[in-house]
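# Summary of the model geometry
For reference, the chains in residue letters:
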Amino acid sequence: MMIELFLAGALLLSPPQTPAPAVSQVPVQLEDVVVSGRSLDGLIRDFVGEVAEPNRNRGLARWNDRICVGVANLEGEIAQYLSDRISTVATDLGLSTGDPGCTPNLLVIATADAGDLARKLTEERRRAFRMGGAGMDRGGAALRDFVETDRPVRWWQMAIPVDAETGDIAVRIPGRCTGDCIDASDQAPQIYVHSASRLTTQIVDNLTRAIIIVDVDQVSGVSALQLADYIAMVSLAQIDPNADTSSYASILNVFDAPEISDSLTDWDRAYLDGLYSAERNHQGERADTNEIAGSIRRSHERLREEGEAEEPAPEQ
């Protein structure tokens, strides 16, 4: 029933010759002194460039206000823990969370056959994954990757471009009429731009739905906290499932190296905090990325002031 509510809700969306010195394999921590010798700003930009995956021709999206976490196919205690932990991370970012019994817009489904479940869901309720509106999803190739690539956790998100000032949807949703509509709510949106500029925009992208499929056999080697924080990271931000984060101390490495961290690292927390603190009012993907990177840097500085920044990785 929870899965059906979620899917139904989605349809109602409004090299040198001499030997090179050995390179340290220790993931860099979020600190000003790093083993690679690169600047922190450079590392942050590289990290953002590696992990961030906005929808095609769109800026990075984030949840705007409220999330409701649902967990299906898990026993009560662990399901409640996952829901509570993801909600706590969201609350720390300034989001509100739904009351018990709310209709989920962030749904975690556990299964013994993630590939089969992903295939069935996308075949039977395809419009819940590909609504067809410009900038609302990552496209057909990414959806095939979601279905066909075997991973411990796989995720799919929907986003909508909106007017940052009014919250109105800034893209026509397929199925709505564009001519003489009987119901005015079915008409294509009209956005009134108050600050037109080649450098800035008032149209931003908000996440509206996320579905996360967990393969229970493949996540048995991590703790409930590690799993919950991994899910929080990939559901609260648009993360590239094919990103190589092995050079960074991140929860995104948990299935390859569970010993890296017991929970979200400073890299992860600064990334999420930076994403949710950024203005997101710059035109162009590069400007948008630079704005997020600058916001992450400021988040890191706050972490340091609070005495929470991790120690630099030891040299080898």
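Nothing here was measured: the structure is a model prediction, and the numbers come from that model.

## Some details on the confidence of the model for the protein chain
Summing up the model confidence of the protein chain, the mean pLDDT is 80 and the portion of residues at 70 or higher is 72%. Per-residue pLDDT stays below 50 along residues 14-24; that stretch engages in 6 contacts with residues further than four places along the chain or on separate chains.

## Details of the nonpolar core
Formed by 59 residues in total, the largest nonpolar core has its most connected members in Trp63, Leu106, Ile212, Leu236, Ile239 and Tyr271. Counting residues per element, this core draws most heavily on helix H6 (residues 224-236), which supplies 8 residues. Apart from the residues lying within four places of it in its own chain, the contact partners of Tyr271 are Phe47, Val48, Val51, Ala52, Leu60, Met233, Ala237, Gln238, Ile239 and Ile296. Membership of the second largest hydrophobic core comes to 25 residues, among which are Met136, Leu143, Ile160 and Val204.

## Some remarks on the pattern of salt bridges
Applying the stated criterion across every chain yields a total of 11 salt bridges. Residue Asp41 is joined to Arg297 by a salt bridge in which the shortest nitrogen-to-oxygen separation is 2.8 Å. Here Arg297 lies in helix H8 (residues 285-305) and Asp41 lies in helix H2 (residues 40-51), a separation of 256 residues in the sequence. Given the relative accessible area of 35%, Asp41 is considered partly exposed. Asp145 is the salt-bridge partner of Arg151, the closest N and O atoms lying 3.0 Å from each other. The structure contains a network of salt bridges with shared partners spanning Asp41, Arg297 and Glu301.

## Focus on the pairing of strand S7 (residues 203-215)
A large share of S7 lies buried, amounting to 12 of its 13 residues. As paired elements, strand S1 (residues 62-63) and S7 share 2 bridges and run parallel to each other. The residue of S7 that forms the bridge with Arg62 is Asn206. Bridge count between strand S6 (residues 153-163) and S7: 11 bridges; the pairing is antiparallel. The residue bridging Gln157 from the neighbouring strand is Ala210, located in S7.

## Comments concerning the packing of aromatic side chains
Going through the model one piece at a time under the given rule, you end up with 8 aromatic pairs. A centroid spacing of 6.0 Å and a plane angle of 40 degrees characterise the contact between Phe129 and Phe146, whose relative ring orientation is tilted. On the criterion of sequence distance, the pair formed by Phe129 in the loop between helix H4 (114-124) and helix H5 (140-148) and Phe146 in helix H5 is long-range, its members being 17 residues apart. The exposure class of Phe129 is buried, given its relative accessible area of 1%. Exposure remark for Phe146: the relative accessible area of 2% places this residue in the buried category. The structure contains a cluster of three or more aromatic residues connected by ring pairs, namely Phe47, Tyr248, Trp267 and Tyr271.

Cut-offs and rules
- Residues numbered from 1 in each chain as written.
- Predicted model: local features only at pLDDT ≥ 70, side-chain atom pairs only at ≥ 80, totals over all residues.
- Heavy atoms only, no water.
- pLDDT = per-residue confidence, 0-100.
- Contact = heavy atoms within 4.5 Å.
- Core = buried A, V, L, I, M, F, W, Y, C linked by side-chain atoms within 4.5 Å.
- Buried < 20%, exposed > 50% of the residue type's maximum accessible area, 1.4 Å probe, protein only.
- Helix = DSSP H or I, 4+ residues; strand = E, 2+ residues; numbered from the N terminus.
- Salt bridge = Lys/Arg side-chain N within 4 Å of Asp/Glu carboxyl O.
- Pairing = 2+ DSSP bridges.
- Phe/Tyr/Trp six-rings, centres within 6.5 Å; stacked < 30°, edge-to-face > 60°.

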